[in-house]
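A closer look at the structure
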Amino acid sequence: MKKLFEGVYKEGNRIFTKNLMPGRKVYNERLLKKGGVEYRSWNPYRSKMAAAILKGLKNFLIKEGERILYLGVASGTTASHFSDIIGNGGIIYGIEISFKPMKNFIKLCQERKNMLPVLADANKPEMYEAIIEDANVLYQDIAQKNQVEIFLKNMNKFEPQHGIIMVKARSIDISMKPNRVFERVKKEIGKHFEIKEAIKLAPYAKDHIAIVVE
Ligand SMILES: C[S@@+](CC[C@H](N)C(=O)[O-])C[C@H]1O[C@@H](n2cnc3c(N)ncnc32)[C@H](O)[C@@H]1O
């Protein structure tokens, strides 16, 4: 196992996190035992963060003890890998608007004690601000037309040190070329925050870009 970042490992063309809950799978991912440690395979087709890492991301901001505000957590596929990395000293506040994926996320939170489910609309951070304590990373994966507005609103409200947004061009404007949408989004976000890195996620996630800000 080659260490890529703290808590993220690579073997061949696959990446892994150390399983916080040995023996337990979250989304039918592969489990691999090496040197007495169990690793969970992190699927880039199921998780845009894994896609970004495999595409050569340099600024990976999730580490042990991190406090993450996660907008659009769904059933917790990506969040489960963050949970592996941050360990029991960190926390993930998982915001999700839809009840169906949230039901599965709630089950996952019962197993993994470093995740907290919040059924809420990320457009309305005032709905959950009383729950969030000292988030230092904001991670957003919401395929909505106003995804940039949601990101900026939450960044301004919670003032984390870092932000990561997974932008889906076609949700913003289906008629515009994705590269033009990306340029516009970078310009808009760049007015408010320093962009550390922007990385396209194809072929894992078509017409998506990951933007990391400080
Ligand atoms: C692409 S999925 C997220 C996948 C997940 N991040 C992962 O990697 O495991 C986007 C999620 O955002 C949620 N969503 C959409 N609009 C939202 C909003 N306004 N507030 C909170 N969640 C929202 C959707 O219900 C959906 O579950």
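Located above this text is the structure these notes cover.
Since the structure is predicted, the reported quantities are computational estimates derived from the model, not experimental observations. (Residues numbered from 1 in each chain as written. Predicted model: local features only at pLDDT ≥ 70, side-chain atom pairs only at ≥ 80, totals over all residues. Heavy atoms only, no water.)

Here we come to the site of the ligand. Of all residues adjacent to the ligand, which total 17 residues, the nearest are Tyr-70, Thr-78, Glu-96, Asp-121 and Ala-122. Between a nitrogen atom of the ligand and a main-chain N or O atom of Gly-72, the distance comes to 3.0 Å. One of the side-chain nitrogen or oxygen atoms of Glu-96 is found 2.5 Å away from an oxygen atom of the ligand. Burial of the ligand by the surrounding chains reaches 82%, relative to a free accessible area of 610 Å². Per-class residue counts for the shell around the ligand are 7 nonpolar, 6 polar and 4 charged. (Near = heavy atom within 4 Å. Polar contact = N/O pair within 3.5 Å; in protein donor to acceptor, adjacent residues only side chain to side chain. Areas by Shrake-Rupley, 256 points an atom, 1.4 Å probe, with all protein chains shown as cover. Nonpolar A, V, L, I, M, F, W, Y, C, P; charged D, E, K, R; others polar.)

Now for the packing of helix α4 (residues 147–158) against helix α6 (residues 178–190). For the pair α4 and α6, the least separation of the axes is 11 Å and the interaxial angle reads 20 degrees. Regarding the angle of α4 to α6, the classification is roughly parallel. Here α4 runs over α6; the crossing is right-handed. Between α4 and α6, the residues in contact are Val-148, Phe-151 and Leu-152 and Val-185, Glu-188 and Ile-189, respectively. (Axes fitted to C-alpha atoms, helices over the stretch in contact; angles between N-to-C directions. Helix = DSSP H or I, 4+ residues; strand = E, 2+ residues; numbered from the N terminus. Parallel < 35°, antiparallel > 145°, perpendicular 65-115°, else oblique. Left-handed = near helix turned anticlockwise from the far one by under 90°. Contact = heavy atoms within 4.5 Å.)

Attention shifts here to the sheet that holds strand β11 (residues 195–200). In a beta sheet, neighbouring strands pair by backbone hydrogen bonds and run either parallel or antiparallel. Taken in spatial order, the 7 strands of this open sheet run β8-β7-β6-β9-β10-β12-β11, and their pairing is mixed. Looking at the sheet topology across the chains shown, the edges are occupied by β8 (115–119) and β11. Neighbour-to-neighbour, the strand axes of the sheet open up by a mean angle of 15 degrees, direction not taken into account. Relative to strand β9 (residues 137–140), strand β6 (residues 67–71) runs parallel, the two sharing 4 bridges. (Pairing = 2+ DSSP bridges.)

The terminal C-alpha atoms of α6 lie 18 Å apart, and with 13 residues this matches the ideal 18 Å at 1.5 Å per residue to within 8%. Those residues of α6 lying buried are Pro-178, Val-181, Phe-182, Val-185 and Ile-189. Taken around the axis of α6, the buried residues stretch over an arc of 100 degrees, which confines them to a single face. (Expected span 1.5 Å × (residues − 1). Buried < 20%, exposed > 50% of the residue type's maximum accessible area, 1.4 Å probe, protein only. Arc of directions from axis to C-beta.)

It is worth spelling out the pattern of salt bridges at this point. For the structure shown, the criterion picks out 14 salt bridges. Among the salt bridges present, the one from Glu-11 reaches Lys-34, with a minimum N-O distance of 2.5 Å. Remark: Lys-34 occurs in strand β4 (residues 31–34) and Glu-11 occurs in strand β2 (residues 8–11); sequence separation between them is 23 residues. In this structure Lys-34 comes out as partly exposed when scored by relative accessible area, which is 34%. (Salt bridge = Lys/Arg side-chain N within 4 Å of Asp/Glu carboxyl O.)

Below, the discussion takes up the sheet that holds strand β3 (residues 14–18). Pairing within the open sheet is antiparallel, and its 5 strands lie in the order β1-β2-β3-β5-β4. The open sheet is flanked by β1 (2–5) and β4, the only strands paired with a single partner. Averaged over all neighbouring strand pairs, the angle between strand axes comes to 40 degrees, with direction disregarded. Summarising the sheet, β1 and β2 pair through 3 bridges and their orientation is antiparallel. Within β2, the position partnered with Phe-5 by the bridge is Val-8. Contacting β2, β3 and β5 (37–42), helix α2 (residues 77–86) runs over the sheet at an angle of about 150 degrees to β5.

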